[in-house]
Amino acid sequence: MNAQHPALAPGADGHNPFRAAMRRSRAPEPATLVIFGATGDLARRKLLPAVFGLWQDGLLGSAFNIVGVGRQEMTDEGFKDYALEALRSSKETDAPQPGSLEKFRELLYYEYGDFSGDEVYDRVRQELDRAGDAHGGRKNALFYLSTPPSLFEPISNGLGRLGLADESEGWRRIVIEKPFGRDLTSARELNGAIHRVWDESQVYRIDHYLGKETVQNLMAIRFGNAIFEPLWNRAMIDHVQITAAEDLGLEGRAGYYEEAGVVRDMLQNHLLQLFALTAMEPPVAFDAGAIRDEKVKVLRAVRPIPAGRVPEVAAFGQYGPGTLYGEALPGYREEPGVREGSTTPTYVAVKLEVDNWRWQGVPFFLRTGKRLPKKVTEIAVVFKRPPLGMFPGGLERNVLAFRIQPDEGVSLKFSSKSPGQEMVLREVVMDFRYDAFGAPLESPYSRLLLDAMLGDATLFPREDEVDCAWQLVSGLLDTAGNTPPQDFPNYPAGTWGPEAADELIGPDRRWRRL
Amino acid sequence: MTPPTTLPLLGPVETSVRGAQAALDDLWAQTQAETRAYTGNIIALTVGRHLARVEEALAGLEGRYAGRQIIGVMDGPPGEVRVQVSLVPQPGGLYIERLRLWADPEGLQGAILPLLRPATVNHVWWGADTRPEGVLLSELTEIADQVIADSLTLDIPPARHYALADLGWSRSAGWREALAQLFDSPDAARQLGRVRELRLTYAGDNDLPARLFAGWVASTLGWPSLEGVTTYRPQDCGRENGDLCGLELRGEGVRFTLRAAGGDLVRSECAWPGMTRRTELNVPRMTLAEGLARVMARPERREVFERAWALARAQLEAERAR
């Protein structure tokens, strides 16, 4: 073997040459995952199973451990038992290999204390020091705030006070769950507070919709095929419908929902993210900066909705008593924990108009609500009718539909000749179902956690995205809060929402029958 | 988490080459399934004594890789083609189509080509230890997007119109990831220029995956040849025949080791002047089906494998010449 000059040898620059051709461009460096709110519902049902799956698949690097942090007093041993019980009882846990759970148990530690004091953060620092010794000196840490929103700022400040956001001994990142603020003002205050401690590049705001495979497939289909992009504009498309329907009611979350309502719970985050991915321009690269730049551009291009425009572009609803799946259901106001005469909206439909060259004159209709007839999330791109009717019967519009859940897939509706002597056309659907792959879909949390560990923020909304989204819904929130509708409840549980939504979409269009 | 399937196997039904599609359609009608996976064809060529193992691997292969599996048994009756079709339930809950064909190679060539589902990806898996030759292989490599074979012993070189893949290469993927992780720390990566030697141990009597692994290490480190810098030694470490048991990279004052430590656990040690670092990693073992699925997913750039293959092949030829 010829010895190379040391300065030219692979690795001499500190970069790992073995990573150049790996499946992912790199695996996470040795790191500690610090979960605040580690004994909460989200951590138990989603986070711990996702982390275990990644670890068992060998995707979390050669040195990794988890520090659970909570206000509840508990020993390391107690937390280890708690976590293993959570893994055994969650439906989202991958089948453990023999001995895996026991080995995973060894990675777990626990600290507790008052989040407003310094003591608990000092203990976290000691955990990072200990891990750093075992991880070759690096003290990389991902802080996951799986806590109520009221604790985001105190925890961020506490980490900052103790110098735990400082990256001189390893990277430090913070993951923040939604809701990120409760309106534009509070979101800006929270961003300001976070940025007093963290640089934006360290902040990962999680919206689990973006971790769903089928949401990522929207980008794959738009930008991985040549046939769609030429059609993706005002010349060919009549309008776009984005639906996120829930069949569930409050499920014991009345306290949260009474404060949040449908606009904060679904529209400001999930639906506007789906809208942005559908409407954005092709990014120059598939990376965090490029994709988030394009999302912000299209969000900024949406015509503002001040309170005065709300009656023209939005319809609110609240469900009353009804039936679903053959069962009689109470109305929203009859749900346990809901204020008497509550005016909290459980349904909203909104028309977005995008003032740019691609979408001028093409409305985007977004709707979401609780106690609708089924659980379904879909993006439907509805094309214009053919310019000339050559055949008997009416002319139908083609529809390209992306089903996010359930029955994940893509379908194209078009007209075809019906068999027989007459030239009669009939609508048919060409259907691709994601389950044709025969593979279970990965948990969105596992994808997003791995990305955060890798430092890939592509699927995490950036500060300016969140700000734009709050700006867009501010008028809706003001209207819902200040001029409560007199006609609530205005749709029975188990139906597709209020009549006002049908009026919103206009006379020559109708909502997709899903 | 993949739920176990509760669907029954449908078939096998004896049919003919011409009747195979109709027989499959009859089976589909029994399922009342709306979805068929038109994701590709895998053509597995084997001989009778390996048929059970080939089928076992294919049974664990999800439809996302190939919705139609065509198994050609090359030591079938001369002059005739026996055909069986069935629908095999997948772990994910849907069916894939399986066609078993028994014939001689010439008969298979005339039978397989019309049975390929058109306009999808074609994977050809040479699942036999006989050296492939003749019109059957040449026709199939013509339509193949990927040829999966024991590439170091069979005479199937990389070619421009298909990607060559090797199950032995796939099965060492976890070890490649583990080795890469040792050098994620910049201080460890900077020691690589001092590495001069690679020692590998493997389970059982099949050293070919270890040779491909060595080719990958050497090509990554810019070594022009494996001669004189790599050694291979069998070891009993509880892993399957051909799997790696451990490795050691060493040179002037530096040593990086990975050792299988029972189950999926692997212990690592990195040592250079002033530093000793020990960690544990999970290197999951891979079933034949998982290895097959991995190569069919084609996660890596083909030139990476081809560079490793070229070095490993050159070393083998040099050894044979001695």
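Computed from a prediction, not measured in an experiment: that's the story for all the values here. (Residues numbered from 1 in each chain as written. Chains lettered and ligands numbered in written order. Predicted model: local features only at pLDDT ≥ 70, side-chain atom pairs only at ≥ 80, totals over all residues. Heavy atoms only, no water.)

Caption draft 1: Spatial organisation of the overall build of chain B. Helix and strand content of chain B: ten helices and 14 strands. Taken against the 2.2 N^0.38 rule, which gives 20 Å for 322 residues, the C-alpha radius of gyration of chain B at 22 Å falls within 12% of a compact globule. Each principal axis of the C-alpha atoms in chain B carries an extent, and together these give about 70 × 45 × 35 Å. Buried residues in chain B amount to 56% of all 322 residues. Accessible area of chain B: about 13,200 Å², with a carbon and sulfur share of 49%. (Helix = DSSP H or I, 4+ residues; strand = E, 2+ residues; numbered from the N terminus. Rg over C-alpha atoms; globule rule 2.2 N^0.38 Å. Buried < 20%, exposed > 50% of the residue type's maximum accessible area, 1.4 Å probe, protein only. Areas by Shrake-Rupley, 256 points an atom, 1.4 Å probe, with all protein chains shown as cover.)

Caption draft 2: Expanded view of the confidence of the model for chain B. Of all residues in chain B, 94% have pLDDT values of 70 or greater, and the mean over the chain is 86. At the level of chain-chain contacts, confidence expressed as ipTM amounts to 0.83, with global pTM at 0.79. (pLDDT = per-residue confidence, 0-100.)

Caption draft 3: Focus on the domain arrangement of chain B. For chain B, the domain assignment lists domain 1 (10-144) and domain 2 (171-282). Measuring from the centre of the C-alpha atoms in domain 1 of chain B to the corresponding centre in domain 2 of chain B gives 38 Å. (Domains from an automatic or database assignment.)

Caption draft 4: Expanded view of the sheet that holds strand β4 (residues 82-89) of chain B. Residues and elements named next belong to chain B. Taken in spatial order, the eight strands of this open sheet run β1-β4-β5-β3-β2-β6-β7-β8, and their pairing is mixed. On the outer flanks of this sheet lie β1 (10-15) and β8 (163-165), each paired with one strand and no other. Between one strand and the next, the sheet's axes are offset by a mean angle of 15 degrees, whatever the strand orientation. The pairing of strand β2 (residues 41-46) with strand β3 (residues 68-73) spans six bridges and is parallel. Across the sheet, the residue bridging to Leu 45 is Gly 72, located in β3. Sheet strands touched by helix α9 (residues 288-297): β2, β6 (122-126), β7 (146-148) and β8. Its angle to β7, the strand with the most contacts, is close to 155 degrees. (Pairing = 2+ DSSP bridges. Axes fitted to C-alpha atoms, helices over the stretch in contact; angles between N-to-C directions. Contact = heavy atoms within 4.5 Å.)

Caption draft 5: Quick look at unusual backbone geometry. All names here are of chain A. Put simply, Lys 178 and Pro 179 share a cis peptide bond, and its omega is 5 degrees. Assignment of secondary structure puts Pro 179 in the loop between β5 (172-176) and α6 (184-195). Within the chain, Tyr 325 stands out as a residue other than glycine whose phi angle is a positive 55 degrees. Considering the arrangement of structural elements, one finds Tyr 325 in the loop between β10 (322-324) and β11 (327-329).

Caption draft 6: Geometry of the domain arrangement of chain A. Looking at chain A, the domain boundaries give domain 1 (18-177) and domain 2 (210-443 + 464-505). The distance between the C-alpha centroids of domain 1 of chain A and domain 2 of chain A comes to 35 Å.

Caption draft 7: View of the nonpolar core. Phe 36, Phe 143, Tyr 144, Phe 275, Phe 364 and Leu 366 of chain A are the most contacted members of the largest nonpolar core, which totals 153 residues. Looking at this core, the element that brings in the most residues is helix α8 (residues 254-279) of chain A, giving 13 residues. Here this core gathers at least three residues from each of two domains, domain 1 (18-177) and domain 2 (210-443 + 464-505) of chain A. Residues contacting Phe 36 of chain A, with those up to four places away along its chain left out, are Val 69, Phe 115, Tyr 121, Phe 143, Tyr 144, Leu 145, Ser 146, Thr 147, Ile 155 and Leu 159 of chain A. Leu 115, Leu 152, Ile 156 and Leu 198 of chain B belong to the second-largest nonpolar core, a separate cluster that totals 82 residues. (Core = buried A, V, L, I, M, F, W, Y, C linked by side-chain atoms within 4.5 Å.)

Caption draft 8: Representation of the pairing of β4 of chain B. Residue and element names in this part refer to chain B. The element β4 is extensively covered by neighbouring structure, given that seven of its eight residues are classed as buried. Here β1 runs beside β4; their pairing, made up of four bridges, is antiparallel. Paired with Leu 10 across the strands is Leu 87, a residue of β4. Pairing between β4 and strand β5 (residues 95-102): eight bridges, direction antiparallel. When the bridges of β5 are listed, Gln 84 appears paired with Arg 100.

Caption draft 9: Expanded view of the state of the cysteines. Residue and element names in this part refer to chain B. Summed over all chains, the structure comprises one disulfide over all chains. Across the disulfide, Cys 237 is cross-linked to Cys 245 (sulfur-sulfur distance 2.0 Å). Looking along the S-S bond of the Cys 237-Cys 245 disulfide, the torsion reads about -70 degrees, which is the left-handed sense. Free of any disulfide, Cys 270 has its nearest neighbouring cysteine sulfur in Cys 245, separated by 19 Å. (Disulfide = S-S within 2.5 Å.)

Caption draft 10: Spotlight on the packing of aromatic side chains. Counted under the stated rule, the structure contains 25 aromatic pairs over all chains. Consider the rings of Trp 232 of chain A and Phe 402 of chain A, whose centres lie 6.4 Å apart with planes at 75 degrees: the pair is edge-to-face. Remark: Phe 402 of chain A occurs in strand β15 (residues 399-405) and Trp 232 of chain A occurs in the loop between α7 (213-223) and β7 (237-245); sequence separation between them is 170 residues. Residue classification places Trp 232 of chain A among the buried residues on the basis of a relative accessible area of 1%. Aromatic rings pair up to connect Phe 18 of chain A together with Phe 183, Phe 213, Trp 216, Phe 256 and Trp 272 of chain B into one cluster. Lying across the ring of Tyr 109 of chain A, Lys 80 of chain A places its NZ or CZ 5.1 Å from the centre. One Lys or Arg, Arg 130 of chain A, reaches over the ring of Tyr 109 of chain A and ends 4.0 Å from the middle of that ring. (Phe/Tyr/Trp six-rings, centres within 6.5 Å; stacked < 30°, edge-to-face > 60°. Lys NZ or Arg CZ within 6 Å of the ring centre and 35° of its normal.)

Caption draft 11: Up close: the sheet that holds strand β17 (residues 425-433) of chain A. Residue and element names in this part refer to chain A. Spatially, eight strands are ordered β8-β12-β13-β7-β14-β15-β16-β17 in an open sheet, and the strand pairing comes out mixed. For this open sheet the edge positions go to β8 (314-317) and β17, each flanked by a neighbour on one side alone. Looking at each pair of strands side by side, their axes are set apart by 15 degrees on average, direction ignored. The sheet contact formed by β7 and strand β13 (residues 363-369) spans six bridges and is parallel. Note on β13: the bridge partner recorded for Ala 245 is Gly 369. Strand contacts of α7: β14 (376-383), β15 and β16 (409-417), with the helix running at about 150 degrees to β15, the strand carrying the most contacts.

Caption draft 12: Geometry of the packing of helix α2 (residues 51-59) of chain B against α9 of chain B. Residue and element names in this part refer to chain B. Across the interface, α2 lies against α9 with an axial gap of 7 Å and an inter-helix angle of 65 degrees. Between α2 and α9 lies a crossing whose hand is right-handed. Only Leu 288, Ala 289 and Leu 292 of α9 make contact with α2, whose side of the interface consists of Arg 53, Ala 57 and Leu 58. Considering only residue class, the contact of α2 with α9 consists of five nonpolar, no polar and one charged. (Left-handed = near helix turned anticlockwise from the far one by under 90°. Nonpolar A, V, L, I, M, F, W, Y, C, P; charged D, E, K, R; others polar.)

Caption draft 13: Looking closely at the side chain of Gln 146 of chain B. Residue and element names in this part refer to chain B. With respect to the helices, strands and loops of the structure, Gln 146 is situated in strand β7. A relative accessible area of 2% places Gln 146 in the buried class. At 2.7 Å, the side chain of Gln 146 and the side chain of His 123 are in polar contact. (Polar contact = N/O pair within 3.5 Å; in protein donor to acceptor, adjacent residues only side chain to side chain.)

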